[in-house]
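What the coordinates show
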Number of protein chains: 2
Amino acid sequence: MITKHSAKSSSKWLNKVQWDEHGLVPVIAQQTGTNDVLMFAWMNRDALEKTVELGEAVYWSRSRKKLWHKGEQSGHIQKVLDIRLDCDSDVVLLKVEQVDDIACHTGRHSCFFQQLNVAEAEWQAVEPVLTDPEAVGK
Amino acid sequence: MITKHSAKSSSKWLNKVQWDEHGLVPVIAQQTGTNDVLMFAWMNRDALEKTVELGEAVYWSRSRKKLWHKGEQSGHIQKVLDIRLDCDSDVVLLKVEQVDDIACHTGRHSCFFQQLNVAEAEWQAVEPVLTDPEAVGK
């Protein structure tokens, strides 16, 4: 678990991240153990700092234009175990423990449930809905 | 393997993708089997269509502003086994077989080799270099 006595005392590690022209960085959340890719979202500087502070994933909602503590409504919190940065320092990868195993607002384990069927030339939903989407929220 | 008798005959599946204001979509490449996240890149419409046609990952290089057939110089091709789209249809996930097990231009298996050491408040390279980066190219 990323601990609460965080890296806040220095911002050098935050400066290392190559934030884009909107001050954001793409973030991939991956389930620890299975290594399933759960979802993709964005963070700004505050979101990444808060993620480290809480030990739970906090994203930047581009649609709502505010910090989004994942699971704050649904309870589907992501406990953050490892934070990685890519070779160009412009993409973040979180290894998380997904509470209730449900990351997607559709009630599925992972957001990546649409599979390209090449022969049919169409995307098909291939993962089950595990819980009522109405109950998930964000 | 995604086959060559591709979905080109219809572009409906390409229209389903929510391309951003630059005509791009974020793409995550994941190693089949281990599920390691190898890299993150972008595709435009042509790149995704070409990926399906070849059965190998073709990205859009934002820096070089042209299609980038991953491994075209280095030989580190990515054979594409599965293509997923997320719940908002604006992020693509590729399951690939990474030739030579090296995806990163630094000569590492994965691009996500910088780990946040929270106590030290710094990013540390924690994955080994497997081959001479000079030989990798793009």
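Use the structure listed above.
Below is a short write-up of the structure. For clarity, every value in this text was computed on a predicted model and none was experimentally measured. Residue indices begin from 1 for each chain and proceed along its sequence in written order. For this description, chains carry letters from A and ligands carry numbers from 1, given in the order in which they are written. In view of the model being predicted, local features appear only for residues whose pLDDT reaches at least 70, and side-chain atom pairs are presented and counted only at 80 or more, with totals across whole chains, interfaces and linings using the full set of residues. Only heavy atoms go into the side-chain values, all of them from the structure, while hydrogens and water stay out.

Remarks on the relation of the copies chain B and chain A
The condition that has to hold: Residues reaching a pLDDT of at least 70 in both copies supply the C-alpha atoms on which the copies are superposed by least squares. The criterion used for residue contact is that any of the two residues' heavy atoms lie within 4.5 Å.
Relative to chain A, chain B is turned by 180° and slid 0.0 Å along the rotation axis, the superposed coordinates differing by an RMSD of 0.0 Å. Both chain copies can therefore be described as sitting about a two-fold axis. In terms of C-alpha distance to the rotation axis, chain B has B:Asn35 as its closest residue, with the C-alpha 2.7 Å off the axis. Of the interface residues in chain B, 100% have counterparts in chain A that sit at the interface too, so the contact is made through matching surfaces.

A closer look at the sheet that holds strand E8 (residues 122-125) of chain B
As a reminder of what qualifies: Whether two strands pair depends on DSSP finding at least two bridges between them. Going along the chain from the N terminus, every DSSP run of H or I of four or more residues is numbered as a helix, and every run of E of two or more is numbered as a strand. Helix axes are fitted to C-alpha atoms over the stretch in contact, other axes to C-alpha atoms as well, and angles between N-to-C directions run from 0 to 180 degrees.
Read across the sheet, 6 strands follow the order E2(A)-E1(A)-E6(A)-E5(A)-E7(B)-E8(B) without closing on themselves; strand pairing throughout is mixed. Looking at strand neighbours, the two that pair on one side only are strand E2 (37-43) of chain A together with E8 of chain B, the edges of this open sheet. The mean inter-strand angle of the sheet, taken between neighbouring strand axes irrespective of direction, is 35°. Relative to strand E7 (residues 114-117) of chain B, strand E5 (residues 78-85) of chain A runs antiparallel, the two sharing 2 bridges.

Thoughts on the state of the cysteines
Put simply, the rule is: In this description, a disulfide is simply a cysteine sulfur pair whose atoms lie within 2.5 Å.
For the structure shown, the criterion picks out 0 disulfides over all chains. Here B:Cys87 stays unpaired: no disulfide links it, and the sulfur of A:Cys111, its closest cysteine neighbor, is 3.7 Å away. Of the cysteine sulfurs around B:Cys104, a residue in no disulfide, the closest is that of A:Cys87, at 3.7 Å.

Observations concerning the sheet that holds strand E5 (residues 78-85) of chain B
To summarise the sheet geometry, strands pair through backbone hydrogen bonds and adopt either a parallel or an antiparallel arrangement. In spatial order, the strands read E8(A)-E7(A)-E5(B)-E6(B)-E1(B)-E2(B); together these 6 strands make up an open sheet with mixed pairing. Among the strands making up the open sheet, the edge pair consists of strand E8 (122-125) of chain A together with strand E2 (37-43) of chain B. Across this sheet, the average inter-strand angle for adjacent strands is 35°, counted without regard to direction. Two elements, E5(B) and strand E6 (residues 92-98) of chain B, share 7 bridges in a ladder whose sense is antiparallel. Its bridge partner being in E6(B), B:Ile83 is matched across the sheet by B:Leu94. Along the sheet, helix H2 (residues 45-54) of chain B contacts strand E7 (114-117) of chain A together with E2 and E5 of chain B; its crossing angle with E2(B), the most-contacted strand, is approximately 125°.

What about the pairing of E7(A)?
As a general feature of sheets, a regular strand has side chains that alternate between the two faces. All names here are of chain A. Note the following rule: Here the term buried applies to any residue with accessible area under 20% of the maximum for its type, exposed to any over 50%, and partly exposed to those in between, with areas from a 1.4 Å probe on protein chains only.
Of the two faces of E7, only the one carrying Gln-114 and Leu-116 is buried; Gln-115 and Asn-117 on the other face are not. Taken together, the 4 bridges between E7 and E8 define a ladder with antiparallel strand orientation. From the neighbouring strand, Gln-114 faces E8, where its bridge partner is Ala-125. The turn linking E7 back onto E8 is made up of 4 residues, and Ala-121 within it adopts a positive phi angle of 55°.

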